Amino acid sequence: MRRKLVAGNWKMHGSLAENRALLAALVPATRGLDRVDVAVCVPFPYLQQAQELLSGTHMLWGAQDASRHAKGAFTGEVSAQMIAEFGARYVIVGHSERRSYHGESDALVAAKCQAVLNAGLTPIVCLGERLEERERGETEAVVARQLEAVMDSLGVAALSGCVLAYEPVWAIGTGRTATPDQAQEVHAYLRRRVAERDGAVAARLTLLYGGSVKGSNAQALFSMPDIDGGLIGGASLVSEEFIAICRAAQA
Ligand code: PGA
């Protein structure tokens, strides 16, 4: 049995005061959920606050991006090793907002994934098709290309240290969730593609769904056989919603 993971992606939201209030609500409410790992991926400046407020609790934390480089003259970049110094467990890589607004290629995402693994952290590698790609029937081709960029450059064994998140771009922040069947179909496909290279890695791989997950639709999604939890954007900023999603993962 794979353990469920619910990870909040705060994106560029929060303040010291708001984060404190949110985490103060989340920690006690998710403490008893022993079948779920609960994490928040915060903006870089709040990693220290996350460490201060979450150390010694069951909750885990992480960042939303990392440089492909370990160190050097890369103004404005943050290395995975720096993130690791703040006790983080996860780093999101290849989120569709980075792929589209910052032109991140499949090759760059793979390099970032390697940098995160090198720092001893777990990358949450995001993939997913755009609406026009789905409408053209290209969903499987797109996610296969994104997945294979990582497997070809890092080797399939590296996936045993990664989490994958299937996030159809048309479902992110739109309120339009993939149906459980639509999501399950892509998750099963991704797991099969990994299994073609290594069945054991595929069987253990944590595959999250992301895109307009809410308290009201989480349970139906998480009950699908290949959906191992969620990457949660907007609803991760609302304590009651995020708590409801974590409880749905425990059920
Ligand atoms: P959303 O975002 O839950 O607000 O749709 C998900 C994500 O971008 O990871």
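Attention here is on the structure that accompanies the text. Here the structure is a predicted model, which is why all the values come from computation and not from measurement.

Some details on the site of the ligand
Surveying the vicinity of the ligand reveals 13 residues, the closest of which are K11, H95, E167, G173 and S212. A distance of 2.7 Å separates an oxygen atom of the ligand from a polar backbone atom of S212. Contact between the ligand and G233: an oxygen atom at 2.8 Å from a main-chain N or O atom of the residue. Bound to the protein, the ligand loses 95% of the 280 Å² it would expose on its own. Per-class residue counts for the shell around the ligand are four nonpolar, seven polar and two charged.

Let's talk about the side chain of D228
With respect to the element layout, D228 can be found in the loop between helix 10 (218–222) and strand 8 (229–232). Note on D228: relative accessible area 3%, which makes it buried. Engagement of the side chain of D228 in a polar contact is seen with the side chain of R2, the distance being 2.9 Å. If near-sequence neighbours (up to four positions away) are discounted, D228 is found in contact with R2, R3, K4, L5, R191, L205, T206, L207 and L208.

Considering the packing of helix 1 (residues 16–30) against helix 11 (residues 239–250)
The interhelical angle for the contact between helix 1 and helix 11, taken along N-to-C directions, is 25 degrees, at an axis separation of 10 Å. On the basis of their axis angle, the class for helix 1 and helix 11 is roughly parallel. Remark: the crossing between helix 1 and helix 11 carries right-handed chirality. The residues of helix 11 that touch helix 1, namely those facing L22, A25, L26, A29 and T30, are S239, F242, I243, C246 and R247. Here the contact of helix 1 with helix 11 is built from residues that sort into seven nonpolar, two polar and one charged.

Focus: the nonpolar core
Formed by 72 residues in total, the largest nonpolar core has its most connected members in V6, V40, I83, L159, V194, Y209 and F222. For V6, the contacting residues outside a window of four places in its chain are V36, D37, V38, A39, F222, G230, I232, F242, I245, C246 and A249. If you look at the next biggest cluster of nonpolar residues, it comprises 13 residues, including A39, C41, I92 and C126.

A closer look at unusual backbone geometry
Despite not being glycine, K11 shows a phi value in the positive range, around 55 degrees. Structurally, K11 can be placed in the loop between strand 1 (4–9) and helix 1. In the Ramachandran plot, S212 falls in the positive-phi region, its phi being about 60 degrees despite a non-glycine side chain. Mapped onto the elements, S212 comes out in the loop between strand 7 (206–210) and helix 10.

Quick word on the environment of S79
Of note, S79 is situated in the loop between strand 3 (60–63) and helix 3 (80–84). Taking relative accessible area as the criterion, S79 reaches 5% and is therefore assigned buried. Here the alpha-carbon distance between S79 and K112, two residues 33 residues apart in the chain, equals 9.5 Å. Sequence-distant contacts of S79, defined by excluding residues within four places in its chain, comprise S67, H69 and A70.

Points about the environment of L22
With respect to the element layout, L22 can be found in helix 1. You can call L22 buried: its relative accessible area is 10%. Considering only alpha carbons, one finds L22 and S236, 214 residues apart in sequence, at a separation of 9.3 Å. Not counting residues up to four positions away in its chain, the partners in contact with L22 are W10, S236, L237, V238 and S239.

How each quantity is defined
- Residues numbered from 1 in each chain as written.
- Predicted model: local features only at pLDDT ≥ 70, side-chain atom pairs only at ≥ 80, totals over all residues.
- Heavy atoms only, no water.
- Near = heavy atom within 4 Å.
- Polar contact = N/O pair within 3.5 Å; in protein donor to acceptor, adjacent residues only side chain to side chain.
- Areas by Shrake-Rupley, 256 points an atom, 1.4 Å probe, with all protein chains shown as cover.
- Nonpolar A, V, L, I, M, F, W, Y, C, P; charged D, E, K, R; others polar.
- Helix = DSSP H or I, 4+ residues; strand = E, 2+ residues; numbered from the N terminus.
- Buried < 20%, exposed > 50% of the residue type's maximum accessible area, 1.4 Å probe, protein only.
- Contact = heavy atoms within 4.5 Å.
- Axes fitted to C-alpha atoms, helices over the stretch in contact; angles between N-to-C directions.
- Parallel < 35°, antiparallel > 145°, perpendicular 65-115°, else oblique.
- Left-handed = near helix turned anticlockwise from the far one by under 90°.
- Core = buried A, V, L, I, M, F, W, Y, C linked by side-chain atoms within 4.5 Å.

None of the figures reported here should be taken as evidence of function without further support.
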